Amino acid sequence: MKEIILIAISAILVENFVLTKFLGICPFLGVSKKLSTALGMGGAVVFVITLSSAVTWVVYEYLLYDYPYLRTIAFILVIAALVQFVEIVLKKFVPTLYTALGIYLPLITTNCAVLGSALLNVERGYTFFQALVFGFAASVGFTLALILFSGVRERMETSDIPIAFQGLPITLIAAALVSVAFVGFQGLFGI
Amino acid sequence: MAKSKGRAMQVLANGFIKENPVLRLVLGTCPTLAVTTMAKNGIGMGIAATFVLLGSNIVISLIRKIVPDKVRIPVFITVIAGFTTIVELLMHAFLPDIYKALGIFIPLIVVNCIILARAEMFASKNSVGMSILDALGMGGGFTIALFIIGSLREIIGSGTWMGYPLTRDLIDPAVVMILPPGGFLAFGFIVAAINKFSSLRIRNKEISQGCGLGCPGCSNGNNGGGGQ
C-alpha cells in the first residue's frame with residue numbers, strides 16, 4: 001500500500017509529466033489559455049491515459065512478451081483506437097466539451113504523455129495495479145500543471161510584455177518559473 | 001528544368017529557415033526540451049528523427065495513391081512506428097551511450113508532431129524526390145534547432161561544449177539550465193531572439209528587397225550569443 005501511495009505522489013509532484021519530464025508539452029502550451037479548456041483537456045487525458053495504461057499493460061504482458069520490439073507499433077495503435085473511442089463518446093454525450101476541445105482531442109494520439117506513460121510502465125516493470133495507479137496519477141499531475149499554468153496565463157493576458165516576447169516566448173519563460181517550483185519537490189522521499 | 005531545380009532548393013531550404021519545425025512552427029517541443037541538456041544528445045535526437053522522417057516520407061509518398069483517404073492517418077502512424085522501431089534497434093546496437101541518454105524519447109519519435117505533420121502536409125501530396133528533400137530540410141532544421149538549444153544549455157549549465165570543458169573552470173555553471181526549467185528558459189529566449197531578428201528582417205525587407213541572409217545570420221547570432 002505504501003508503495004502505491006509513493007508511486008502516486010511521486011508521479012504527480014516529483015516527476016510531473018509536463019514540468020519535469022517534458023511529456024505532453026504541445027497540449028500544455030495549446031489549451032492552457034483558459035481554465036475551462038484546461039479542465040476539459042485534463043479530463044480527457046486522465047481518461048485516456050488510465051485506460052491506455054491498463055490496456056497496454058495487458059497487451060505487453062500477454063501478447064508481446066516474446067516480441068518486445070513490437071511494443072512501439074502495438075502501443076500507438078492501441079492508443080489511437082482508444083482516442084477514437086473517447087472522441088465518439090464525447091461527441092455523442094458531451095457535445096459542448098467536444099466542440100470546446102476542438103482540434104486537441106484527436107491530437108491526444110500524438111500526445112507524448114499517453115505513449116510515454118505506457119512505455120514507462122513497461123520499462124519499470126510495474127504490476128497491473130501499479131501501472132494503473134501510475135497512469136492515473138501521472139495524468140492527474142498533467143492536469144494539475146495545466147490548471148496551475150492556465151491561472152498564470154490568464155494573468156499574463158493583461159500584462160505589458162515586450163513585443164519580441166509576446167506569445168510563445170513569455171509562455172515558455174513563465175513555464176520555466178512554474179517548473180522551478182516543481183523541481184523543489186525533487187528530494188521528496190529521496191526519489 | 002531550371003524552374004524545378006529552383007523549387008527543389010526551395011523545398012530543401014524551407015525546413016531550415018522559413019518553416020524551421022522547432023523555432024518557427026513550434027512542433028516537436030517535447031523532445032526539444034527533454035534531450036537538449038547536452039549538444040551531443042541534441043544532435044543524436046535530430047539525426048534519429050531525420051532518419052525516421054526520411055523513411056516515412058519516402059514510403060508515404062510511394063503509397064500515397066493506394067491508401068484510401070479515410071484510413072490514411074492510422075496507416076501513416078504505422079509506417080512511422082515501423083521506422084522508429086528500426087532506429088531504436090539500430091541505436092541500441094551501435095550507439096548505446098546516446099540510446100541510454102535519450103531513453104524513452106527514442107520510441108516517442110512516433111508521436112513527434114513534425115513527422116506526422118510532414119506526412120500529412122507534404123509526403124501525401126508530392127513526389128518521392130520532393131519528399132526526400134523535404135525530409136532532409138525539415139530533419140536538418142530540427143537537428144540544427146536542437147543543436148543550438150543544446151549548446152546554449154550545455155555551455156551555461158555545465159560549462160562544457162560537446163563534452164569539452166569550456167568555461168567550467170572560470171565561472172560556476174548555472175546548474176538550473178540543465179534542469180527542466182532551463183529547457184523552457186533557453187527555448188523561450190531563443191524564440192524571443194528569433195522574433196526580434198525576424199521582425200527586424202521584415203523591416204529591412206521593406207526598405208531594400210532581397211535580404212536572403214537574414215535568418216541564417218540570426219541563427220548564427222543566437223549560437224554566438226550562447227557562447228558568451
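Residues numbered from 1 in each chain as written. Chains lettered and ligands numbered in written order. Predicted model: local features only at pLDDT ≥ 70, side-chain atom pairs only at ≥ 80, totals over all residues. Heavy atoms only, no water.

Caption draft 1: The arrangement of the overall build of chain B in detail. For chain B, the count of helices and strands is nine helices and two strands. For chain B, the α and β elements follow one another from N to C terminus as α-α-α-α-α-α-α-β-β-α-α. Scored against the burial criterion, the 228 residues of chain B give a buried share of 48%. As displayed, chain B offers around 10,600 Å² of accessible surface, 68% of which is attributable to carbon and sulfur atoms. (Helix = DSSP H or I, 4+ residues; strand = E, 2+ residues; numbered from the N terminus. Buried < 20%, exposed > 50% of the residue type's maximum accessible area, 1.4 Å probe, protein only. Areas by Shrake-Rupley, 256 points an atom, 1.4 Å probe, with all protein chains shown as cover.)

Caption draft 2: View of unusual backbone geometry. All names here are of chain A. The phi torsion at Phe22 lies on the positive side, around 55°, for a residue other than glycine. With respect to the secondary-structure elements, Phe22 resides in the loop between α1 (2-14) and α2 (25-30). Residue class for Phe22 comes out buried when judged on its relative accessible area of 5%.

Caption draft 3: A look at the side chain of Glu154 of chain B. All names here are of chain B. Position of Glu154 relative to the elements: it lies in helix α7 (residues 128-158). Notably, Glu154 is buried but unbridged: the nearest opposite-charge side chain belongs to Lys40, and the N-O separation is 8.1 Å. Of note is the side chain of Glu154, whose polar atom sits 2.8 Å from the backbone nitrogen of Ala39. Discounting residues that sit within four places of it in the chain, Glu154 has contacts with Thr37, Met38, Ala39, Lys40, Gly159, Thr160, Trp161, Met162 and Gly163. (Lys, Arg positive; Asp, Glu negative; His and termini not counted. Salt bridge = Lys/Arg side-chain N within 4 Å of Asp/Glu carboxyl O. Polar contact = N/O pair within 3.5 Å; in protein donor to acceptor, adjacent residues only side chain to side chain. Contact = heavy atoms within 4.5 Å.)

Caption draft 4: A look at the side chain of Arg118 of chain B. Residues and elements named next belong to chain B. Summarising the element assignment, Arg118 is placed in helix α6 (residues 113-123). A distance of 3.0 Å separates the side chain of Arg118 from the side chain of Asp134, its partner in a polar contact. Those residues in contact with Arg118 that sit more than four places away from it in its chain are Glu19, Leu53, Asn57, Ala123, Asp134 and Met138.

Caption draft 5: Spatial organisation of the environment of Val183 of chain A. Take Val183 of chain A: it is sitting in helix α8 (residues 168-183). By relative accessible area, Val183 of chain A is classed as buried at 17%. Excluding residues that lie within four positions of it along the chain, Val183 of chain A makes contacts with Leu179, Pro180 and Pro181 of chain B.

Caption draft 6: Region of interest: the confidence of the model for chain B. Residue and element names in this part refer to chain B. Averaged over chain B, the pLDDT score is 81; the fraction of residues at 70 or greater is 86%. Considering each helix and strand of chain B separately, the mean pLDDT is smallest for helix α9 (residues 214-227), with a value of 29, and largest for helix α3 (residues 39-62), with 93. A low-confidence stretch, residues 206-228 (pLDDT under 50), is modelled with 18 contacts involving residues beyond four sequence positions or located in other chains. Under the prediction, the complex receives an ipTM of 0.83, its pTM being 0.83. (pLDDT = per-residue confidence, 0-100.)

Caption draft 7: Molecular detail of the nonpolar core. Ranked by size, the top nonpolar core spans 110 residues in total, and within it Phe28, Phe75 and Leu115 of chain A together with Leu108 and Phe184 of chain B carry the most contacts. Sort the elements by how many residues they give to this core and helix α7 (residues 128-156) of chain A lands first, with ten residues. (Core = buried A, V, L, I, M, F, W, Y, C linked by side-chain atoms within 4.5 Å.)

Caption draft 8: Representation of the packing of aromatic side chains. Under the defined criterion, the tally for this structure stands at ten aromatic pairs over all chains. Here the aromatic rings of Phe28 of chain A and Phe184 of chain B are separated by 6.5 Å at their centres, their planes lie at 55°, and the arrangement is tilted. With Phe28 of chain A in helix α2 and Phe184 of chain B in helix α8 (residues 180-207), this pair bridges two chains. One aromatic cluster in this structure is built from Phe22, Phe28 and Phe149 of chain A together with Phe184 of chain B. (Phe/Tyr/Trp six-rings, centres within 6.5 Å; stacked < 30°, edge-to-face > 60°.)

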